[in-house]
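Residues per chain are reported as follows:
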Amino acid sequence: MNAAVGAIGVLDLQGGVQEHLDHLQRIGVVGRPVKRAAELADLAGLIIPGGESTCLSRLLAIFGLDDAIRQAYDNGLKLWGTCAGAILLARENIGETPFLGLMDIAISRNAFGSQLDSFSGEALAPAVACQPIPLTFIRAPKITRIGDSVRVLLQVDDYVAAAEDDQILVTVFHPELTPSLAFHRYFARKCGLKVAAADDAALDPDWTPQSWTRFSYHV
Ligand code: GLN
């Protein structure tokens, strides 16, 4: 059997890669950094992490990963975009050119202000966990419109913070920067993976903001 079957990839060009790999390991899912198109083969899903969407879009184009991701999506690959990843997946990027454009949402970059306007909070996303989930927003976008194919998972004030369609999950915040594993379990199940039975609302007591540093994929 191919060792990659059942793995979730994390696009490894820029941004919060290791933090997602750390969370995947915590829920017992094999996580695989993806730098090349060939590494998309046999994945159950792909996380496009937060970072900087302009930088990520250029790197995706340079390495030909944009077309490879579109093709893998057409072949059924599930996708999760966190923050910059959500921006790349949106069909409409307000005031700018959309990039992958695979999900029928409109998104507004840097909608809360500068990096200094980053903030954290918590909110209930009933489809994902039965207790409030901690939320970390870092120069986050707002989802300002969703299409008919899209379901809201978390609405906050005047914007959508998490949404999904049949193949794509988007969050404008960063679950990988909190002790909550709920969204990673949710995505793993969306990818058809069996994840260990667990209380999705529980926070991982072993997580710290530095936990991801034990990964050494980068040389
Ligand atoms: N502001 C960034 C962008 O526009 C996204 C920030 C993030 O991913 N935390 O790409």
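Predicted model only: the values in this text are computed from it and were never measured.

Visitor: Lay out the environment of Arg70 with the relevant residues and their values.
Guide: Following the sequence through the fold, Arg70 ends up in helix H3 (residues 65–74). When the C-alpha atoms of Arg70 and Leu102 are compared, they prove to be 7.9 Å apart, with 32 residues separating the residues in sequence. Arg70 has contacts with Phe99, Leu100 and Leu102, leaving out every residue within four places of it along the chain. A distance of 3.1 Å separates the side chain of Arg70 from the side chain of Asp67, its partner in a polar contact.

Visitor: Break down the layout of surface pockets for me, citing the residues and quoting the values.
Guide: The volume enclosed by the largest pocket comes to roughly 230 Å³. Classifying every residue of the lining of the largest pocket gives five nonpolar, eight polar and five charged. Considering only enclosed or pocket space, the second largest pocket measures out at about 150 Å³ in volume. As for the second largest pocket, its lining consists of Ser53, Thr54, Ser57, Arg58, Ile87, Leu88, Asn93, Glu96, Thr97, Pro98, Phe99 and Arg109. Of all the elements in the fold, those that place two or more residues in the lining of the second largest pocket are helix H2 (53–62) and helix H4 (84–89). Counting residues per element, the lining of the second largest pocket draws most heavily on H2, at four residues. Classifying every residue of the lining of the second largest pocket by side-chain character gives four nonpolar, five polar and three charged.

Visitor: Any chance you could break down the side chain of Asp204 for me, citing the residues and the numbers?
Guide: With respect to the element layout, Asp204 can be found in the segment after helix H5 (182–190). A polar side-chain atom of Asp204 sits 3.0 Å from a polar atom in the side chain of Arg26. In this view, Asp204 contacts Arg26, Pro179 and Leu181; residues no more than four positions away in its chain are not counted.

Visitor: Give me unusual backbone geometry: which residues, what numbers.
Guide: Across the chain, the bulk of peptide bonds are trans and the bulk of non-glycine residues have phi less than zero. Despite not being glycine, Asn110 has its phi angle at roughly 50°, a positive value. Here the phi dihedral of Arg139 falls at roughly 40°; this positive angle occurs in a residue that is not glycine. As for its placement among the helices and strands, Arg139 is situated in the loop between strand E8 (133–137) and strand E9 (142–146).

Visitor: Any chance you could break down the pattern of salt bridges for me, citing the residues and the numbers?
Guide: All told, the structure shown has 17 salt bridges when counted by the stated rule. Arg151 is paired through a salt bridge with Glu164; the nearest N and O atoms lie 3.5 Å apart. Remark: Glu164 occurs in strand E11 (residues 159–164) and Arg151 occurs in strand E10 (residues 151–156); sequence separation between them is 13 residues. Judged by its relative accessible area of 36%, Arg151 falls in the partly exposed class. Classification of Glu164 by relative accessible area gives buried; the value is 7%. Note that Lys190 and Glu164 form a salt bridge whose closest N and O atoms lie 2.9 Å from each other. A residue pair is termed long-range when its members are at least 10 positions apart, and Lys190 in helix H5 and Glu164 in strand E11 qualify at 26 residues. Residues joined by salt bridges that share partners form a network here, namely Asp22, Arg26, Asp204 and Arg214.

Visitor: Describe the side chain of Ser108, listing the residues and the values that go with them.
Guide: As for its placement among the helices and strands, Ser108 is situated in strand E6 (residues 103–108). Owing to a relative accessible area of 19%, Ser108 belongs among the buried residues under this scheme. Those residues in contact with Ser108 that sit more than four places away from it in its chain are Ile94, Pro141, Lys142 and Thr144.

Visitor: Can you lay out the site of the ligand for me, pointing to particular residues and giving the numbers?
Guide: All residues in the neighbourhood of the ligand are listed as Gly50, Gly51, Glu52, Ser53, Cys83, Ala84, Ile87, Arg109, Asn110, Ile138, Arg139 and His174. Taking Ala84, its main chain carries an N or O atom lying 3.0 Å from an oxygen atom of the ligand. Note that a nitrogen atom of the ligand is positioned 2.9 Å from one of the backbone N or O atoms of Ile138. Of the pockets mapped on this structure, the ligand occupies the largest pocket. Residue composition of the shell around the ligand, by class: four nonpolar, five polar and three charged.

Cut-offs used in this document
- Residues numbered from 1 in each chain as written.
- Predicted model: local features only at pLDDT ≥ 70, side-chain atom pairs only at ≥ 80, totals over all residues.
- Heavy atoms only, no water.
- Helix = DSSP H or I, 4+ residues; strand = E, 2+ residues; numbered from the N terminus.
- Contact = heavy atoms within 4.5 Å.
- Polar contact = N/O pair within 3.5 Å; in protein donor to acceptor, adjacent residues only side chain to side chain.
- 1 Å grid on protein atoms, 1.4 Å probe; cavity = no way out; pocket = protein on both sides within 12 Å on 5 of 7 lines; lining within 4 Å.
- Points joined across faces, edges and corners; volume = space filled by probe spheres on them.
- Nonpolar A, V, L, I, M, F, W, Y, C, P; charged D, E, K, R; others polar.
- Salt bridge = Lys/Arg side-chain N within 4 Å of Asp/Glu carboxyl O.
- Buried < 20%, exposed > 50% of the residue type's maximum accessible area, 1.4 Å probe, protein only.
- Near = heavy atom within 4 Å.
- Sits in = over half its atoms within 2 Å of the grid points.

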